[in-house]
Amino acid sequence: MAALETSKLLDEELYSRQLYVLDLTAMQRIRRAKVLLSGLQGLGAEVAKNLVLMGVGSLTLHDPHPTCWSDLAAQFFLSEKDLERSRAEASQEPVAKLNGAVQVCVHTGDITEELLLDFQVPSLPHSPGEPGPFLFLSRAVVLALLITESTQVVVLTASKLEEQLRVGALCRKLGICFLVADTRGLVGQLFSDFGKDFTVQDPTEAEPLTAAIQHISQGSPGILTLRKEADARYFRDGDLVTFSGIEGMVELNGCDPRPIRVREDGTLEIGNTAIFSHYLRGGAVTEVKKSETVSHKPLDVALLQPRVVAQGPQEADRARCLHQAFRALHQFERLNGRLPQPWDPDDAEMVVGLARSLEPLKGTEGEPLEELLDEALVQRVALSSAGSLSPMAAMLGAVAAQEVLKAISRKFMPLDQWLYFDALDCLPEDGKPLPTPEDCAPRRCRYDGQIAVFGAGFQEKLGQQRYLVVGAGAIGCELLKGFALVGLGAGASGGVTVADMDHIERSNLSRQFLFRTQDVGRPKAEVAAEATHRLNSDLRVTPLTYALDRTTEHIYEDNFFSRVDGVAAALDSFRARHYVAARCTHYLKPLLEAGTQGTLGHASVFVPHVTEAYRAPASGLASEDATYPVCTLRHFPSAVEHTVQWARDEFEGLFCLSAETINRHHQELTSLAETDGPQELTLLEEVLGVLRERPQTWQDCVVWALGHWQRRFHYGIMQLLSRFPPDKVLEDGTLFWSDPKQCPEPLEFDASQDTHLLYVLAAANLYARMHGLPGSRDQTALRELLKLLPLPGPQPLAPSFPNDLDRAGASAEFGPEQLKKLHQVLEVWSGSPPLEPLKFEKDNDSNFHMDFVVAAASLRAQNYGIPPANRTQSKRIVGQIIPAIATTTAAVAGLVGLELYKLVGGPRPRSAFRHSYLHLAENRFDCRVPCAPAIQKLHYLTWTWTCWNRLKVPAGQPEKTLELLLAHLHEQFGLRVTMLLHGKALLYSARWSPNKQAQRLALRVTELVQQVTGRMPKPGQRVLVLELSCEGEEEDTTFPPLHYELWQDSSPITRLYGALHPEPTVSTQ
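Everything quoted here is computed from the prediction, not taken from an experiment.

Asks: Just to check I follow, could you spell out the overall build of the protein for this structure?
Replies: Helix and strand counts for the protein come out as 35 helices and 29 strands. Within the protein, the fraction of its 1069 residues that count as buried is 55%. Across the protein, the fraction of contacts at a sequence separation of at least 24, relative to all contacts at a separation of at least 6, is 73%. Counting every atom, the protein has about 46900 Å² of accessible surface; 52% of that belongs to carbon and sulfur.

Below is the structure:
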């Protein structure tokens, strides 16, 4: 299929977040690709799920083996009703339902050379009854055509070594990319063989470097100077670059890639420009990424000369030891016809003996390796190798699916060549009792695969847990799936609550596993709860469709959190994570937290009194709150983000706020005296434009759009330059128009230029829609109409202000004359039907919303010589979209599941826990022990504290006065309180006058809080949280919060609430 046809068939709304990770070209290759997946246990199910969600062209499933009980611990496409059915056949229908655009079929025979040859032939369209497109072509010609037509990948999971060697040799012979993936209990392996010469066309995830140009000299070499906001340090000698948007030296625009040299002063040498035209203004220099070629060894060679992915020498040694452990397990299975029995010491000792007798490994060049076998590690692997665990399948399945995408798309560097991942730290530490064969024996239940590793007693603990999942997006869906498989909360007194206020959108479906097309528009929490229950009917999932933030603390209150054993946060903003983490710190609940951006991901665990608490990065919080100054957007943009935000604000003002304003006044909901007169007058005059009356026809709308084009991109710029000429000099002698200010130039309308036409087309259609008139998509007719229309002359324009202070001063000058003028403008729409305010929707490509923003931002960029954003970039900036892909989501959810095992297993030392970080595009996998909580102390105190401590003081009966509370703090803790706050309310200060202090000291604490805040404690509220400042504290001292305990109060309200809501038994796990 041609690339153009594929582009038309590609559902860009569905794959919108994935397109930001990959690109259109990569997605086109993915849609043409064929994958054969053998092995449909838990790991194979994860690979299949990820590939289908990401839109691979076709997926053939192969696994003739019957479903057994141990499969159900990790295989979410199967259930008890599928026992004894072929895994592949039972999985086909649920796999296919994930994405109707993917062809999912089953192969029931062996994997043979003939199958692989047939598997390579693409299904090109031809009429029924006619010969197929390859009927008269030789096999060699067919194979040559296939290289350009589509990519094939074969993946083996849970396979025997003999099968791996046989199929790997066939794939090597036929030029098919080949992967092996396997998990054994808490250890996993992945092997990639993409052939001898595999070209990676885009090795990194980073966007090509782009920088705005300040000047280019004529010479040999030509010297390119970047604008001040650009940073030449990111360019390197030898980088290839090309150019765009340059005025004057146009010979560089779209030129073949040129090598550069970075000079000491940050300028760039770009080759000979001596014969080129003189540089005038604008333009951008853009890096051209270089392809790289990798060479893989076939499996039979790589078994003895393994190249392992590792972050350091110790990790490499451990990976090679795990490599030997897997080889020994294969030998054990070949000799005994089975895997080692769960926690059987005799079987484990046999595996260790087989590992000792293996042929020694060699280096990548064939040199012998002098490495001692870690027999204790091999023994642990063998003891737990019979198990099948959902978190391990999720992690390895995600990495395997990403490797398939690398093979298909030729984007990102593939593994070189073995990856080993283990989570043996989930087992008890040395010296602690290990599971027994009896406790890990099969029970003929859905958790048998997990019981084989941790035992039946641990499974019961999992079932009694009560967890809160915050967020039912991509990560939240994966977490809920994992929790259902491991049986978290599936016992008699357990349960899971999922909280999310959002509704399902179509763009969610390529990553959010629990949702289907028919669910679009429904609340995420409700659909996720239903889908999770279907995965495990014993699990009770309670959906809550309220956000978890300060506005809902009456819902997620003390009694709610008292019934929760832990929290899993799957949120997409640092501010939301920060709040949820603060709630966990307040209630002393462990927090599991994960996040992704593209192929970057992390998973973290925060345990009360054991690890540090979660802290949102200051840079992350700042970036979420960042706004651009109004005058920068309106008059002095210097970056593409400024132009896109300006265009988005234009849309809001012209097509939404204006309609709301006009409707509000005509409904007499607002008097003119109550309005922001200057702003409304300016806005409505722009909406009225050159028409001076309400539009009646499509041509009226085109006239208005053309007039507004002139107002914004021609006359508006001329007015700005009349006030601030290009040669204007400030009092200090510097030019007004100097970095970062870019001196603009007015544009001349030209209907033959696509961007000019697109702006008028979009603006006219939006204006028509707002006024209830029919629009038009006929660009040819529009061009002809524009040829007949005269260009509008100068229009009254709002004044230009160099800063926001001047603008505020002008607003204060709005008087009776301006008020009269505003009334006259509003009269234009009187007696007519209400206008339709247009709510911006970025994901609907047929409504002209993004067309307007893209065209307006591009024209604005041309005014100021700024490299424009394309449609994809504009949508990402406007929507503040975080790139996302199913593989990274699944991987971090698996990592969270592994930390969950440790939390449920009982008190563990800090050394057992892991913060994990991964970058799938660059094959980086890093696990670190969390930091301990920082210990704080004060020189005159005998005690220390961390962020997890609090000062607990019972209210007593009768309740304490403020004076008694302060005395108690001094006697019990040695604290002399100088200031006491409840939230932002100041309850007490030692700096107050004696009379004011006396008035407060005599009050009971709850009375004092009511007097100062106007609020009484809520019924059932257990504590008042108070903050202290004390004598002798230092600048960086943060005292523990004071928990003033109310729940022991025996007031009638509290007694009644306690009778209706009995106190639960709180887990100490």
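Asks: Looking at this model, I keep getting lost on the environment of A26. Mind explaining?
Replies: In this fold, A26 is placed in helix α3 (residues 24–32). C-alpha separation for the pair A26 and R410, spaced 384 residues apart in sequence, amounts to 7.6 Å. Setting aside chain neighbours within four positions, we find A26 in contact with S409 and K411.

Asks: Please explain the nonpolar core as it appears in this structure.
Replies: In globular proteins that are soluble, nonpolar side chains generally tend to be buried together. Counting 169 residues, the largest nonpolar core has V154 and L186 as its most contacted members. For this core, the element with the most residues is helix α31 (residues 886–905), which contributes 12 residues. Non-local contacts of L186, meaning those with residues more than four positions away in its chain, are made with L389, M392, F421, D422, A423, L424, C426, L427, V453, F454 and L898. Core analysis: the second largest hydrophobic core is formed by 65 residues, L720, M770, M850 and Y864 among them.

Asks: How do you make sense of the sheet that holds strand β22 (residues 600–606) when you look at a structure like this?
Replies: What links the strands of a sheet is backbone hydrogen bonding, and the strands pair in either a parallel or an antiparallel sense. The strand order across the open sheet formed by 8 strands is β19-β18-β17-β20-β21-β22-β23-β24, and the pairing between neighbours is mixed. The open sheet is flanked by β19 (541–544) and β24 (924–928), the only strands paired with a single partner. Between one strand axis and the next, the sheet turns through 10° on average, direction left out of account. Judged from the 4 bridges that link them, strand β17 (residues 466–470) and strand β20 (residues 566–569) form a sheet pairing that is parallel. Pairing of V469 across the sheet is with A568, part of β20. Contacts from α31 reach β17, β21 (591–597), β22 and β23 (915–919), with the element oriented near 165° to β21.

Asks: I keep staring at the packing of aromatic side chains and nothing clicks. Help me out?
Replies: Centre-to-centre distance and the angle between the planes together describe a pair of aromatic rings. The tally for this structure, following the rule as stated, stands at 35 aromatic pairs. Measuring from centroid to centroid gives 4.7 Å for F724 and F736, while their planes differ by 10°, and the two rings are stacked. Taken together, the positions of F724 in the loop between α24 (698–723) and α25 (754–770) and F736 in the loop between α24 and α25 put the pair 12 residues apart, joining distant regions of the chain. Judged by its relative accessible area of 8%, F736 is buried. One aromatic cluster in this structure is built from W646, F651, F655, W704, W709, F713, F749, Y759, Y767, F840 and F852. Over the ring of F513 we find K49; its NZ or CZ atom is 5.8 Å from the centre of that ring. In this structure, K741 packs its charged tip against the face of F636, placed 5.4 Å from the ring centre.

Asks: Just to check I follow, could you spell out the pairing of strand β2 (residues 58–62) for this structure?
Replies: Regular strands have side chains that alternate between both faces of the sheet. Burial analysis of β2 places 5 of its 5 residues in the buried class, which makes it a mostly covered element. By the alternation rule, side chains of β2 split into S58, T60 and H62 and L59 and L61, which are all buried. Strand direction decides the pairing type here: strand β1 (residues 34–38) and β2, joined by 5 bridges, are parallel. Residue K34 lies in a different strand from β2, and its bridge partner there is S58. The parallel pair β1 and β2 is bridged by helix α4 (residues 42–53), and the resulting crossover is right-handed. Strand direction decides the pairing type here: β2 and strand β3 (residues 103–106), joined by 4 bridges, are parallel. Looking across to β3, one finds that T60 is bridged to C105. Between β2 and its parallel partner β3, the chain crosses via helix α5 (residues 87–96), and the hand of that crossover is right-handed.

Conventions adopted
- Residues numbered from 1 in each chain as written.
- Predicted model: local features only at pLDDT ≥ 70, side-chain atom pairs only at ≥ 80, totals over all residues.
- Heavy atoms only, no water.
- Helix = DSSP H or I, 4+ residues; strand = E, 2+ residues; numbered from the N terminus.
- Buried < 20%, exposed > 50% of the residue type's maximum accessible area, 1.4 Å probe, protein only.
- Contact = heavy atoms within 4.5 Å.
- Areas by Shrake-Rupley, 256 points an atom, 1.4 Å probe, with all protein chains shown as cover.
- Core = buried A, V, L, I, M, F, W, Y, C linked by side-chain atoms within 4.5 Å.
- Pairing = 2+ DSSP bridges.
- Axes fitted to C-alpha atoms, helices over the stretch in contact; angles between N-to-C directions.
- Phe/Tyr/Trp six-rings, centres within 6.5 Å; stacked < 30°, edge-to-face > 60°.
- Lys NZ or Arg CZ within 6 Å of the ring centre and 35° of its normal.
- Right-handed = clockwise from strand over helix to strand, strands pointing away.

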